[in-house]
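# Coordinate analysis (summary)
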Amino acid sequence: MAFSRRLIGVSILSCLLLLSSTATGDDDISRAAPANASSSCNNPYRMVLVKLWIDGAEHESIGGLSAAFGSLLSTDTKNAPRLPATYTKPLNGCSSSSFKLSGSIALALRGQCDFLTKAMVAQAGGAAGIVLINDQEDLVEMACPNNSTVSNVTIPVVTISKAGGDVIDKYISAGKKVEIMLYSPDRPIVDYSAMFIWMMAVGTIFCASFWSEFTTSKENDFNEQSPEVIAGGSREEDDKEILNITTKSAFVFVITASTFLLLLYFFMSSWFVWLLIILFAIGGVEGMHSCIISLVSSKCKDCGRKKLNLPLLGEISVLSLVVLILCVAFAISWAATRKASYSWIGQDILGICLMITVLQLAQLPNIKVATVLLCCAFLYDIFWVFLSPAIFHDSVMIAVARGDKAGGESIPMLLRIPRVSDPYDGYDMIGFGDILFPGLLVCFAFRFDKARKKNVLNGYYIWMIVGYGIGLLFTFLGMYLMNGHGQPALLYLVPCTLGVYVLLGLLRGELKDLWNYDSESTRVADSLLEDA
């Protein structure tokens with residue numbers, strides 16, 4: 001139906017352009033182990049938990065970052081003191097405070113003087129520690145000025161985001177007693193959530209590859225091979241919905257996606273985030289609708305026979321309309337509760353359905369186009385994650401994925417799952433692009449093996465699935481070896497999929513066939529042989 005095709009177009013556009021090709025969590029701060037004591041300016045930057053008590057009642061913790069100077073924090077709560085929080089006066093903490101700081105944690109705003117000066121002033125005033133509130137939503141790395149290597153600061157120095165400072169200010173302004181405990185628990189080397197992210201990514205590609213097998217009954221298989229069906233036009237109509245990717249579209253992707261990524265980086269705001277949320281919800285509704293309808297229709301052939309003629313939508317089955325309403329309700333519910341702790345479930349369901357649908361509609365015709373597309377995506381990913389800081393002083397891809405320019409709001413074009421064993425919470429994430437681009441190649445391998453009637457051992461599909469899974473493991477390994485810094489996943493996935501495919505084709509003497517393969521001409525030739 002026309003309504004479906006319009007949404008399909010929006011779905012593909014939102015997937016291919018609004019991707020975030022990183023496998024990363026909400027932060028990328030070092031996990032280096034602390035020393036026992038230090039008077040240098042070379043302390044490792046460590047994540048910190050700022051635990052709050054409001055009028056004696058325990059409150060939520062706020063994430064922070066320790067400085068390169070000052071004393072090192074305890075890794076547990078047993079040796080961490082619980083002390084009252086007091087604002088410095090002046091609030092910038094650049095000169096002696098008129099408020100008594102002795103036996104308290106000083107709170108100061110960023111600006112007017114360097115971080116080391118603020119810490120020394122607070123220490124001179126008797127503060128047991130200082131929390132510096134940033135004027136932005138990120139956690140700034142606090143180093144000694146002028147490349148100094150020694151400091152006289154012996155109290156812990158921590159920075160928190162503007163949002164964290166607003167939480168504390170809300171209670172202090174209301175006249176409540178605020179107490180703070182600073183400590184820096186160690187993070188696990190590997191979190192269990194990485195395993196679930198791996199399973200979701202591999203499972204999405206596996207389901208997309210076999211989707212037509214899952215949802216096609218024997219009767220439909222006969223109809224697909226029937227010349228009468230092709231003559232009647234229904235098969236031709238289905239073919240029109242397939243988006244065949246070309247070498248030209250691969251180059252266009254790099255230019256368009258880079259432009260759009262820069263727009264997100266420079267102009268990301270709350271209204272922009274809502275635009276992305278709406279686009280994602282529309283694509284997710286189409287994906288979920290398509291998946292549910294195809295599953296139900298494969299099990300119940302008569303379920304879609306009842307039709308309605310509605311304005312704008314035209315002729316639509318009752319089943320399709322009911323499923324559409326339920327999918328829209330699901331997407332609206334997710335959007336309304338997207339900041340809730342459980343919202344990742346709805347986001348992942350919508351995202352997986354959307355990607356399965358896209359992988360059914362967008363297809364690679366041969367390895368030549370796959371090589372151009374994946375190599376372009378490979379370079380695109382590496383540049384915007386690793387090389388962009390040399391130009392923009394920030395990793396553009398990671399900044400957009402985290403939502404640094406949108407008050408911490410992250411774009412929804414990610415699969416994410418909360419970390420279960422990380423004391424700092426956060427999420428492990430993987431961008432849609434890290435599933436879609438290798439997924440196109442894996443799905444091509446499945447179609448090629450089926451057309452050439454290859455078995456598991458001499459086919460390519462099983463090698464692509466295994467290669468993709470290993471590439472993802474390398475991605476997470478690289479992330480942990482680089483202390484949690486976000487990784488361009490395609491750096492590992494492209495060699496483990498495309499590289500393996502080309503190497504196997506070369507060893508088997510089939511590379512020329514793979515390079516110039518035309519699925520449409522093969523299907524026609526097979527049909528003529530069957531007719532003969």
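Definitions and cut-offs
Residues numbered from 1 in each chain as written. Predicted model: local features only at pLDDT ≥ 70, side-chain atom pairs only at ≥ 80, totals over all residues. Heavy atoms only, no water. Helix = DSSP H or I, 4+ residues; strand = E, 2+ residues; numbered from the N terminus. Buried < 20%, exposed > 50% of the residue type's maximum accessible area, 1.4 Å probe, protein only. Contact = heavy atoms within 4.5 Å. Areas by Shrake-Rupley, 256 points an atom, 1.4 Å probe, with all protein chains shown as cover. Disulfide = S-S within 2.5 Å. Axes fitted to C-alpha atoms, helices over the stretch in contact; angles between N-to-C directions. Parallel < 35°, antiparallel > 145°, perpendicular 65-115°, else oblique. Left-handed = near helix turned anticlockwise from the far one by under 90°. Nonpolar A, V, L, I, M, F, W, Y, C, P; charged D, E, K, R; others polar. 1 Å grid on protein atoms, 1.4 Å probe; cavity = no way out; pocket = protein on both sides within 12 Å on 5 of 7 lines; lining within 4 Å. Points joined across faces, edges and corners; volume = space filled by probe spheres on them. Salt bridge = Lys/Arg side-chain N within 4 Å of Asp/Glu carboxyl O. Phe/Tyr/Trp six-rings, centres within 6.5 Å; stacked < 30°, edge-to-face > 60°. Lys NZ or Arg CZ within 6 Å of the ring centre and 35° of its normal. pLDDT = per-residue confidence, 0-100. Pairing = 2+ DSSP bridges.

### Points about the overall build of the protein chain
When helices and strands are tallied, the protein chain shows 19 helices and 15 strands. For the protein chain, buried positions account for 49% of its 532 residues. When contacts within the protein chain are restricted to residue pairs at least 6 apart in sequence, long-range pairs at least 24 apart make up 74% of them. Surface accessibility of the protein chain: about 24500 Å² in total, with carbon and sulfur atoms responsible for 62%.

### Describing the state of the cysteines
As used in these notes, a disulfide is a covalent bond between sulfur atoms, one from each of two cysteines. The full count for this structure, using the stated rule, is 1 disulfide. Here Cys94 connects covalently by a disulfide to Cys113, the sulfurs 2.0 Å from one another. Handedness here is read from the sign of the S-S torsion; for Cys94 and Cys113, about -95°, the answer is left-handed. With Cys94 in the loop between β4 (82–87) and β5 (105–109) and Cys113 in the loop between β5 and α2 (115–124), the pair connects residues that are 19 residues apart, well separated along the chain. For Cys94, a relative accessible area of 22% puts it in the partly exposed group. Cys207 takes part in no disulfide bond, and the closest cysteine sulfur to it belongs to Cys291, at a distance of 9.0 Å. Cys327 takes part in no disulfide bond, and the closest cysteine sulfur to it belongs to Cys353, at a distance of 7.7 Å.

### Things to note about the packing of helix α9 (residues 270–299) against helix α11 (residues 343–361)
Running from N to C, α9 and α11 point in directions that differ by 65°, and their axes come no closer than 7 Å. Taken together, α9 and α11 sit at an angle that is classed as roughly perpendicular. Crossing angle aside, the handedness with which α9 passes α11 is left-handed. Residues Phe280, Gly283, Gly284, Val285, Glu286, Gly287, Met288, Ser290 and Cys291 of α9 touch α11, and the partners they reach there are Gln347, Ile349, Leu350, Gly351, Cys353, Leu354, Ile356 and Thr357. Per-class residue counts for the contact of α9 with α11 are 9 nonpolar, 7 polar and 1 charged.

### Details of empty space enclosed by the protein
Tallying each qualifying case throughout the model produces 3 cavities of 30 Å³ or more. Of the voids in this model, the largest cavity is the one considered here, and its volume is about 90 Å³. Lining the largest cavity are 11 residues, with Arg46, Ser66, Ser71, Leu72 and Leu73 positioned closest to its centre. Here the lining of the largest cavity is composed, by residue class, of 7 nonpolar, 3 polar and 1 charged.

### Some points on the pattern of salt bridges
Using the criterion set out here, one finds 12 salt bridges in the structure. A salt bridge links Lys177 to Glu179, with the nearest nitrogen and oxygen atoms 3.9 Å apart. Overall, Lys177 belongs to the partly exposed group, its relative accessible area being 48%. The residue Glu510 makes a salt bridge to Lys454 at a minimum N-O spacing of 2.7 Å. Of the two residues, Glu510 sits in the loop between α17 (490–507) and α18 (511–515) while Lys454 sits in the loop between α15 (433–451) and α16 (461–481), which places them 56 residues apart along the sequence.

### Regarding the packing of aromatic side chains
If you walk through the whole model with that rule in mind, you get 18 aromatic pairs. An aromatic cluster of three or more residues is present, and its members are Phe206, Phe210, Phe214, Phe446 and Tyr461. A cation over a ring is seen here: Arg416 above Tyr427, with NZ or CZ 4.5 Å from the ring centre.

### With respect to the packing of helix α4 (residues 192–215) against α16
At their nearest, the axes of α4 and α16 sit 11 Å apart, and the two run at 155° to each other. Considered as vectors, α4 and α16 are oriented roughly antiparallel to each other. Regarding α4 and α16, the two cross each other, and that crossing is right-handed. For the pair α4 and α16, contact is made by Ala194, Ile197, Trp198, Ala201, Val202, Ile205, Phe206, Ser209 and Phe210 and by Tyr461, Ile465, Tyr468, Gly469, Leu472, Leu473, Phe476 and Tyr480, respectively.

### Looking at the pairing of strand β8 (residues 178–183)
For β8, the tally of buried residues reaches 6 of 6 residues, placing the bulk of the element in the interior. What you see with β8 is no split at all: Val178, Ile180 and Leu182 on one side and Glu179, Met181 and Tyr183 on the other are buried throughout.

### Remarks on unusual backbone geometry
Backbone torsion omega between Lys89 and Pro90 reads 10°, so that peptide bond is classified as cis. Residues other than glycine seldom take positive phi values, yet Asp55 does so here, at roughly 50°. Relative to the helices and strands, Asp55 is located in the loop between β2 (47–54) and β3 (57–66). Taking relative accessible area as the criterion, Asp55 reaches 49% and is therefore assigned partly exposed. If you check the backbone angles, Gln112 has positive phi at about 80° while not being a glycine. With respect to the element layout, Gln112 can be found in the loop between β5 and α2. A relative accessible area of 73% means that Gln112 is categorised as exposed.

### What to know about the confidence of the model for the protein chain
On average, residues of the protein chain carry a pLDDT of 81, and 81% of them reach 70 or more. Every residue in residues 218–240 scores below 50 in pLDDT, and together they form 16 contacts with partners more than four places removed in sequence or on other chains. In this model, residues 524–532 is a region of pLDDT below 50 whose contacts with residues beyond four sequence positions or in other chains number 3 contacts.

### Some remarks on the sheet that holds β8
An order of β2-β3-β7-β6-β5-β4-β8 is seen for the 7 strands of this closed barrel, with the pairing classed as mixed. Strand-to-strand, the axes of this sheet are offset by a mean angle of 40°, without reference to chain direction. Together, β5, β6 (129–133) and β7 (157–160) form the strand contacts of α2, whose direction differs from that of β6 by roughly 140°. On the sheet, helix α3 (residues 162–173) packs against β2, β3, β4, β5, β6, β7 and β8 and is oriented at approximately 145° with respect to β3.

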